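Analysis of the macromolecular model
For reference, the chains in residue letters:
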Amino acid sequence: MKEAILQPLFDEKVDQKLRREDLPNSEVDSWKQPRKIIEIAEYIPIEFDARTYWPECPSIGLIRDQSKCPTCWAFGATEVMSDRLCIASKGRINVNVSAEDLINCCSKCHIEANKNVTADKADLLVWYKHWHQEGIVTGGLYGGNECKPYATPPFSQATECLSTQECTKECQAGYPKSYEEDKTYGDIPYMIGKSVPQIQSEILQNGPVQAYLDNMYRELDYELGKCSSIGAKVIDILIFSQVSFFCTEPPNPYYPRGHSVKIIGWGVEKGTDYWLIANSWGTGPIQGQDMGFFKIRRGANDCGIEEWTNAAQPKIP
């Protein structure tokens, strides 16, 4: 296995001790993000669904709703964090890591989230770095009973985004723990190799991963479930049921930054290999979704689905 000479992973002013060499078995990609070299599993099943493989972890199948906020990055990340906390603890730690807390308290995350993945070479590990360095409290759906549940109601009820960058370091009234006591932490984050077997092996070993669909846009009528193109060329992308997500070339100017999702498994349908995706647009009647999940062709890197997968392992107390 080729050894890579690795440069600092984090800002040296933030943490002099954390270096990319702390991430074993890694290489560096074209914009200096560490990619962990995954050992390929001896057996990769034809079909896999993390919900049934780890039934003790209900967070894997929980569909959240980012509502009217451009915060898919926070949802994809905290959903993966939640799943991996449960998996690594063998079901002992069963919480929802708070997307609200990440949105509120990670200013660097917003800077990177406002970049395009390829054109601006966004740092896709920044949300996991925040988890590693600062910690993130618990909090799932709007109205939930954990420390910091999502502040914005579901899309069907919301009039605007209420999740802001105001970092309030306290839990909701009546919660039994303090903000600091409730924090969860992650280990050194990493990008995953671009090959299908590496992504599959990572999921089999550690749980779901975060993925990014570049130049993805939607123009949806939530009442009628309609979707329309804005005159852009549609790249060959296969999503089962009805097509409601389009990757465009050139990039659509209205939605230039793409969309982040969670990969929880894979399978074959009608002779076509697919990834099983958990989205963060709720469980409502959106074309192409099945109660918040959808399938996208596997092995062709449609919309970059296999290009930028990443994750981090949790620190188990």
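Notes on the structure in this doc start here.

Rules used in this analysis
Residues numbered from 1 in each chain as written. Predicted model: local features only at pLDDT ≥ 70, side-chain atom pairs only at ≥ 80, totals over all residues. Heavy atoms only, no water. Salt bridge = Lys/Arg side-chain N within 4 Å of Asp/Glu carboxyl O. Helix = DSSP H or I, 4+ residues; strand = E, 2+ residues; numbered from the N terminus. Buried < 20%, exposed > 50% of the residue type's maximum accessible area, 1.4 Å probe, protein only. Pairing = 2+ DSSP bridges. Phe/Tyr/Trp six-rings, centres within 6.5 Å; stacked < 30°, edge-to-face > 60°. Lys NZ or Arg CZ within 6 Å of the ring centre and 35° of its normal. Disulfide = S-S within 2.5 Å.

The next thing to look at is the pattern of salt bridges. For the structure on display, the rule yields 9 salt bridges. In this structure, the salt-bridge partner of Arg84 is Glu202, at a minimum N-O distance of 2.8 Å. Separated by 118 residues along the polypeptide, Arg84 in helix α2 (residues 72–88) and Glu202 in helix α7 (residues 196–206) bring together distant segments of the chain. Side by side, Arg84 and Glu202 carry an identical accessibility label, which is buried. For Lys194, the salt bridge identified is with Glu307, shortest N-O distance 3.1 Å. You can see Lys194 sitting in the loop between β5 (190–192) and α7 and its partner Glu307 sitting in the loop between β13 (293–297) and β14 (310–311), a full 113 residues away along the chain. Given the relative accessible area of 43%, Lys194 is considered partly exposed.

Let us look at the pairing of strand β11 (residues 259–269). The element β11 is extensively covered by neighbouring structure, given that 9 of its 11 residues are classed as buried. Here 2 bridges tie strand β3 (residues 48–49) to β11, and the two strands are oriented antiparallel to one another. Bridge pairing in β11 links Asp49 to Gly265. As defined by bridge partners, β11 adjoins strand β12 (residues 272–278) across 7 bridges and the pair is classed as antiparallel.

What follows covers the packing of aromatic side chains. Tallied over the full model, the rule gives 7 aromatic pairs. Look at Phe48 and Tyr53: their rings are 5.1 Å apart centre to centre, the planes differ by 55°, and that puts the pair in the tilted class. By relative accessible area, which is 7% here, Phe48 ends up buried. Between Phe48 and Trp54 the ring centres are 6.1 Å apart and the planes differ by 80°, which places this aromatic pair in the edge-to-face class. For Trp54, a relative accessible area of 9% corresponds to the buried category. Among the aromatic residues, those joined into a cluster by ring pairs are Phe48, Tyr53, Trp54, Trp266 and Trp275. The residue whose ring lies beneath Lys295 is Tyr274, and the NZ or CZ to ring-centre distance is 4.8 Å. Sitting over the ring of Trp275, Arg298 keeps its end group 5.9 Å from the ring centre.

Moving on, we come to unusual backbone geometry. Even without glycine at this site, Lys90 takes up a positive phi of about 55°. By the secondary structure assignment, Lys90 is in the loop between α2 and α3 (99–105). Accessibility expressed as a relative area gives 73% for Lys90, which makes it exposed.

Another aspect to go through is the state of the cysteines. Taken as a whole and assessed by the stated rule, the structure comprises 5 disulfides. The disulfide partner of Cys106 is Cys109, and the S-S distance across this bridge is 2.1 Å. Measuring the twist about the S-S bond at about 75°, one finds the Cys106-Cys109 disulfide to be right-handed. Like Cys106, the residue Cys109 is buried in the burial classification. A disulfide bridge connects Cys147 with Cys171, and the sulfur atoms are separated by 2.0 Å. Here the disulfide of Cys147 and Cys171 is left-handed, its torsion about the S-S bond being about -90°. Separated by 24 residues along the polypeptide, Cys147 in the loop between α5 (126–133) and α6 (179–182) and Cys171 in the loop between α5 and α6 bring together distant segments of the chain. Residue Cys147 is classed as buried on the basis of its relative accessible area, which comes to 0%. In this structure Cys171 comes out as buried when scored by relative accessible area, which is 15%.

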